[in-house]
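# Descriptive analysis of the structure
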Amino acid sequence: MLRHALVITIVASTLTSATVMAQTPAQWREDFAQLRREAPARHVNLFHDMSRAQFDSALDYLDTHASTLRRHQIIVELEKLAALIGDGHTNVGPWRDSAIAFHALPIALYWFSDGLIIRATDSAHATLLGARVTAIGALPIDSVIARVRPLISRDNEMGIRAYTAFLLSMPEVLHAIGVGDSPDVAKFTVEKAGQSQQATLRATALYPMLTGDIDKSWLPRAGWVDARDRSPTPLWLSDQRNMYWFTYVSADQTLYCQINTIQQKAGDSLRTFMARAIATADSVGARRFVLDLRLNGGGDGSLNKQILLPLIKSRYDTPNKLFVITGRRTFSAAQMLVTELEKYSNATFVGEPTSSHGNQFGDSFRIVLANSHVMFRVSTLWHQYLDSRDKRVMIEPRISTPLSYADYARGDDPSLTATKRQ
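Residues numbered from 1 in each chain as written. Predicted model: local features only at pLDDT ≥ 70, side-chain atom pairs only at ≥ 80, totals over all residues. Heavy atoms only, no water.

Moving on, we get to the overall build of the protein chain. A count of helices and strands for the protein chain gives 13 helices and 17 strands. For 422 residues, the compact-globule estimate of 2.2 N^0.38 gives 22 Å, and the protein chain sits close to it at 22 Å. Dimensions of the protein chain along its principal axes, counting C-alpha atoms only, are 70 × 50 × 40 Å. Considering the protein chain as a whole, with its 422 residues, one finds that 56% of them fall into the buried category. (Helix = DSSP H or I, 4+ residues; strand = E, 2+ residues; numbered from the N terminus. Rg over C-alpha atoms; globule rule 2.2 N^0.38 Å. Buried < 20%, exposed > 50% of the residue type's maximum accessible area, 1.4 Å probe, protein only.)

Shown next, in the form of structure tokens:
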């Protein structure tokens, strides 16, 4: 899986604007016609949250304006259409589709508890580390977020928290929503140490491809600096590429287990891994078992029983011994696992709410548009894990542990710390 993701990134880095923009209005209209045919046929229930008239109207608009809209504006309109359908698995994702080939500004953002803050930059913009974004272009940041919301496919508000940071660092997106000066330049107003300043940021490279189910957005970029570079690396960010791993923290008598995707390693099944983790915890006399799903965006939900059953059979399935950490990227098959843990275990949930809910659309089919090669994913199944009367839009943690910028810069982990206090 990692080798495949790396190949995609390398291919994306070779794309040029000249290559991807050579498409006629007639070719775009062919793509829209394909989408008009295939989306209703492939989605399990395309009109669960919007009407057929809304769907047709959005495509009619694109047909009419194919000659006047620029390529990046058309793609952003396709993002809006996918989000209008109303489920997180139906989406257009410029952060994981190399055919889109949007660019990156030289900053990485994250929506911390104290605001939308620049957490990493290329070396030339290091003075912006820790600056809180207060405006982009002429609009205050709240107005900018209001404009980007319609582009984000999600199951709940945690999707807004997760993907706003990605989209606001793409100049093509900023230009398309009317806050960027051009498709490759944007002006940010930021506040740092009580002082306001403006920064004109230019696109430096293609946006890195964050393919696969593991949240790779925290991985370091070559030539960049990060707010936590001089601090200890917290466990949850110490082995992000690894599908699953564990370690014993002797000082806290905690067996820490991180599962970053619901997939299997060759020669080390999830069942074998979980048995080994629990046996290790038993052998050292661990007081608590912490399962971290913060970076887990899903995978194969049929494998969840290989995680669930060993846990509920273990001596840790008692209050204040089994902890599950969730966050804004806990989605899809990982959401299914959280739902089952809530139903069948005594786990204490810590962190942020999950980014989906117990009953959800899923199992995306990839409609690859014939001319542009843009990928329009649509949900093909409905998964019902809870009573239909359960209308919760997320699984809320019992212990809420928001991450502040200061926490991040120090290398602190409020979620793991909270498990030690129980």
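Let's pick the thread back up.
A few words on the pairing of strand E14 (residues 348-351). Examined bridge by bridge, strand E13 (residues 322-326) and E14 share 4 bridges and lie parallel to one another. Each residue of the ladder has a partner; that of Val324, found in E14, is Phe349. In this fold, E13 hands off to helix H11 (residues 333-344), which returns the chain to E14; that crossover is right-handed. Here 2 bridges tie E14 to strand E17 (residues 399-400), and the two strands are oriented parallel to one another. Bridging from a neighbouring strand, Val350 pairs with Ile399 of E17. (Pairing = 2+ DSSP bridges. Right-handed = clockwise from strand over helix to strand, strands pointing away.)

So, about the sheet that holds E13. The strands making up a sheet are joined through hydrogen bonds of the backbone, oriented either antiparallel or parallel. Across the sheet, 6 strands lie side by side as E10-E11-E12-E13-E14-E17; this open sheet has mixed pairing. Sheet topology places strand E10 (244-249) and E17 at the edges, where each strand pairs with a single neighbour. Alignment of strand E11 (residues 254-259) against strand E12 (residues 288-292), held across 5 bridges, turns out to be parallel. Along E12, the bridge assignment pairs Cys257 with Leu291. Across the sheet, H11 lies against E12, E13 and E14, angled at about 140° from E14, the strand it touches most. (Contact = heavy atoms within 4.5 Å. Axes fitted to C-alpha atoms, helices over the stretch in contact; angles between N-to-C directions.)

Turning to the nonpolar core, a few remarks are in order. Counting residues in each nonpolar core, the largest one holds 63 residues, and the members touching the most others are Leu35, Leu78, Ile136, Leu168, Leu174, Phe188 and Phe376. In terms of residue count, helix H5 (residues 71-85) provides more of this core than any other element does, 7 residues in total. Setting aside residues up to four positions removed in sequence, Phe376 forms contacts with Leu35, Leu78, Leu81, Ala82, Ile85, Thr90, Asn91, Val92, Phe365, Arg366 and Ile367. (Core = buried A, V, L, I, M, F, W, Y, C linked by side-chain atoms within 4.5 Å.)

Look at helix H3 (residues 25-42): 25 Å from first C-alpha to last across 18 residues, which is about the 26 Å you get at 1.5 Å a residue. Within H3, the full set of buried residues consists of Trp28, Asp31, Phe32, Gln34, Leu35 and Ala39. Check the buried side of H3 and you find it contacts helix H4 (52-65), H5, strand E15 (359-368) and strand E16 (375-384). (Expected span 1.5 Å × (residues − 1).)

With that settled, consider the environment of Leu35. Residue placement: Leu35 occurs in helix H3. What makes Leu35 buried here is its relative accessible area of 0%. A sequence separation of 273 residues divides Leu35 from Leu308, and the C-alpha atoms of the two residues are 39 Å apart. Other than its neighbours up to four places away in sequence, Leu35 contacts Pro40, Phe55, Leu59, Leu78, Leu81, Ile367, Leu369 and Phe376.

Another point: helix H6 (residues 141-148). Along H6, the positions that sit buried rather than exposed are Ile141, Val144, Ile145 and Val148. The buried residues of H6 occupy an angular sector of 100° when projected down its axis, which confines them to one face. In the core, the buried residues of H6 are packed alongside strand E2 (107-112), strand E3 (115-122), strand E4 (132-136), strand E5 (139-140), helix H7 (157-167) and helix H8 (171-176). (Arc of directions from axis to C-beta.)

Now for the packing of helix H9 (residues 270-284) against helix H10 (residues 305-313). Packing of H9 against H10 brings their axes to within 8 Å, and their N-to-C directions diverge by 25°. Between H9 and H10, the interaxial angle falls into the category roughly parallel. Seen along the crossing, H9 lies across H10 with a hand that is right-handed. Mapping the contact onto sequence places Leu270, Arg271, Met274 and Ile278 in H9 and Gln306, Ile307, Pro310 and Leu311 in H10. Split by residue class, the contact of H9 with H10 holds 6 nonpolar, 1 polar and 1 charged. (Parallel < 35°, antiparallel > 145°, perpendicular 65-115°, else oblique. Left-handed = near helix turned anticlockwise from the far one by under 90°. Nonpolar A, V, L, I, M, F, W, Y, C, P; charged D, E, K, R; others polar.)

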